[in-house]
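Secondary and tertiary structure notes
Chain by chain, the residues run as shown.
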Amino acid sequence: MSHDDQVRKLGKKFSSACHTNFGAALLSMRVRGFRGVPDLTLSFNSPITALSGLNGTGKSTIAQLAACAFRQPAGHSWSRYYVAHFFPVSVADPEPFTADAEVHYSYATEGTAAPQQLTVKRATKEWSGYKRQPQRANYYLGFTQFIPKVERRDLSVYGASTLVLGETRQLDTQAAGHVARILGLPYEQLGFADVSTTTKSSKLAMASRSGRTYSENHMGFGEGRVVYMVNTLETAPPKSLILLEEPETSLHGDAQVRLAQYLVDVALRRGHQIILTTHSAAILGQLSRESVVYLRRTATGDVTATHGLSTYQIDSHLQKEGRTPDGITICVEDAFAKCLASWIFRIADADLLSGCSFLTIGGGQEIPAAVKLLTDANRRAVGLSDGDMSHDGTGGVMTLPGSLPPEKEVFAHPAVKEYFANSPFSLDISEVLAGVANHHYYARALAARLMLEESAVASDACRAYAQAHDPGDFSSLIDFVRAHVGDRR
Ligand SMILES: Nc1ncnc2c1ncn2[C@@H]1O[C@H](COP(=O)(O)OP(=O)(O)OP(=O)(O)O)[C@@H](O)[C@H]1O
Ligand SMILES: [Mg+2]
């Protein structure tokens, strides 16, 4: 099954029979009065939820409070997480939460029953509300889930001279295969060995690769983290809650992509709910809209959650606030839409272009949310969605020319076909594109044939398309953007 199919299947399993497939999943949380989070409600709309946002926006706060949502099942080998574990009070931090701080949880229940609601709050000196919580195995894999033992001067290091290797529990072939795929390393075996000195005992991750065996004391940091993470996800009871702090740490970009694909796969296979904090656009890009929550701190100190917005560029864009105070941000779906819009502006109203900056959002459905986020942050912003997603200007969003995705609109235009049919290209683009099912790859396919960069092909095509029109053809689009540029121009 392709990754996209797995993502769709995961969403369906959650929306159709959440409790059957994932147990007493956490459906929503309202967090009041913790650290810098005054009052935030967020819902978990998929078995995987990625919390993204700038540093200090409350991602870890939410993940830590989610870890406190369940009682561990009977017989579980370690104790549960309590709010007090994550929010220590001392003279250094007299008030990490307010006197009336509370967390409200809602959990999936069987059949058509309403979700179970529960509040954990401070009753005089203790936190109350834990007793009625559902039982569910849960794991908080924070930054210390894998700390290199050599840095900790662990017994396997200081006791090296008397170290005895005991039994090794091998990871099953499938689990080892997941680690191998994420890291792109061909392991023969992965496991955990018992080790002991005369006085103490511990465990050590062990790997065999290309005929050599080495322990975690000689693993890369990313490698060690993935071995521990996959081991937890594969050996936890089914339908556990797994909290991952920035799982991208120390992983190469491609490995981050494959890790995110693995998370979708394991949630689907084992019924886990996974909540992660992340700064990785590579990870966010592999998840569905339902899996993505963007946290943002407003000027007044509130924290807001926007569901479904996977763009990470919004962060850096907002941080540039003030650098282009008179400009307007144009939110578009992708690089091709940006190219088309910029050529339309250049030809129909070049002045307008000089005051614009473009932001590619990634998904057309998310353009309205991105525009709202930017305007709420006092940036002037409009959205231009692809032609196949109709918008009439409401909420600051209009549609690019035509009723098709811009690639189809542009490459089907007679003027564009003629441009590439002529010297020096002499290429029948219809013939090349007939074999390309996904229009997002049109420019790439043509670029490969023409030995050019994809962006050069897109730019030539959009220019030919825009120049073949009368500037008046674009007047409704230009007037719309102009109206939003405001009177500061
Ligand atoms: N006592 C307090 N009162 C108010 N705000 C606090 C208090 N203690 C911490 N904070 C805020 O909480 C933030 C830390 O929250 P949290 O760890 O949840 O952020 P995060 O989104 O996980 O950040 P990062 O991306 O850096 O991991 C701090 O940056 C600070 O702004
Ligand atoms: Mg954090």
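The structure presented is a predicted model; accordingly, all values stated were derived computationally and were not measured. (Residues numbered from 1 in each chain as written. Chains lettered and ligands numbered in written order. Predicted model: local features only at pLDDT ≥ 70, side-chain atom pairs only at ≥ 80, totals over all residues. Heavy atoms only, no water.)

Details of the packing of aromatic side chains
Within the structure shown, the criterion is met by 20 aromatic pairs. Ring centres of F192 and Y228 lie 5.3 Å apart, and the angle between their planes is 85°; on these two criteria the pair is classed as edge-to-face. Residue F192 is found in strand β9 (residues 187-196), and its partner Y228 is found in helix α8 (residues 221-235); the two are separated by 36 residues along the sequence. Both residues of the pair, F192 and Y228, belong to the buried class. Consider the rings of F345 and F358, whose centres lie 6.2 Å apart with planes at 35°: the pair is tilted. Of this pair, F345 sits in helix α12 (residues 335-348) while F358 sits in strand β17 (residues 356-360), and the two are 13 residues apart along the sequence. (Phe/Tyr/Trp six-rings, centres within 6.5 Å; stacked < 30°, edge-to-face > 60°. Helix = DSSP H or I, 4+ residues; strand = E, 2+ residues; numbered from the N terminus. Buried < 20%, exposed > 50% of the residue type's maximum accessible area, 1.4 Å probe, protein only.)

A closer look at the site of ligand 1
Lining the immediate environment of ligand 1, one finds 15 residues, of which G56, K59, S60, T61 and H279 sit closest. The contact in question runs from a nitrogen atom of ligand 1 to an N or O atom on the backbone of G36, over 3.1 Å. Take T61: an N or O atom from its side chain is 2.5 Å from an oxygen atom of ligand 1. A total of 650 Å² of accessible area belongs to ligand 1 in isolation, and the protein chains cover 62% of it. For the shell around ligand 1, the element with the most residues is helix α3 (residues 59-67), which contributes 3 residues. (Near = heavy atom within 4 Å. Polar contact = N/O pair within 3.5 Å; in protein donor to acceptor, adjacent residues only side chain to side chain. Areas by Shrake-Rupley, 256 points an atom, 1.4 Å probe, with all protein chains shown as cover.)

Re the sheet that holds β9
Pairing within the open sheet is antiparallel, and its 4 strands lie in the order β8-β9-β10-β11. Of all the strands in the sheet, just β8 (164-170) and β11 (212-215) have a single pairing partner and so form its edges. Between one strand and the next, the sheet's axes are offset by a mean angle of 30°, whatever the strand orientation. Two strands pair when backbone bridges link them, and strand β10 (residues 201-209) and β11 are joined in this way by 4 bridges, in the antiparallel orientation. If you follow S208 over to β11, its bridge partner there is T213. Docked against the sheet, α8 engages β8, β9, β10 and β11, running at close to 85° with respect to β9. (Pairing = 2+ DSSP bridges. Axes fitted to C-alpha atoms, helices over the stretch in contact; angles between N-to-C directions. Contact = heavy atoms within 4.5 Å.)

Observations regarding the packing of helix α1 (residues 3-16) against helix α9 (residues 253-270)
Relative placement of two packed helices is described by the angle separating their axes and the distance separating the axes. It is at 10 Å that the axes of α1 and α9 come closest, and there the two elements cross at 40°. Here α9 runs oblique to α1, going by the angle between their axes. By crossing handedness, the relation of α1 to α9 is classed as left-handed. When α1 is examined against α9, the residues H3, Q6, V7, K9, L10 and K13 are found in contact with a partner set consisting of Q261, V264, D265, A267 and L268. Here the residues of the contact of α1 with α9 are counted per class, giving 5 nonpolar, 3 polar and 3 charged. (Parallel < 35°, antiparallel > 145°, perpendicular 65-115°, else oblique. Left-handed = near helix turned anticlockwise from the far one by under 90°. Nonpolar A, V, L, I, M, F, W, Y, C, P; charged D, E, K, R; others polar.)

Overview of the UniProt feature "domain: AAA+ ATPase" (unreviewed entry) in the protein chain
The UniProt record annotates "domain: AAA+ ATPase" (unreviewed entry) at residues 45-298. With 27% helix and 31% strand, residues 45-298 has end C-alpha atoms that lie 24 Å from one another. (UniProt positions renumbered as here; feature names shortened; annotations may be inferred.)

What about the sheet that holds strand β14 (residues 292-297)?
Strand order in the open sheet formed by 6 strands is β7-β12-β13-β3-β14-β15, with mixed pairing between adjacent strands. Lying at the two open borders of the sheet, with one neighbouring strand each, are β7 (138-141) and β15 (303-307). Averaged over all adjacent pairs, the angle separating strand axes in this sheet is 15°, with direction ignored. Across 5 bridges, the pairing between strand β12 (residues 241-245) and strand β13 (residues 273-277) is parallel. Within the sheet, the bridge partner assigned to L241 lies in β13 and is Q273.

Examining the packing of helix α7 (residues 173-183) against α8
In the contact formed by α7 and α8, the axes pass within 10 Å of each other and the chain directions differ by 145°. Relative to α8, the crossing made by α7 is right-handed. Two secondary-structure elements touch here, α7 through A175, H178, V179, I182 and L183 and α8 through G222, E223, V226, V227, V230 and E234. The residue inventory of the contact of α7 with α8, partitioned by class, reads 7 nonpolar, 2 polar and 2 charged.

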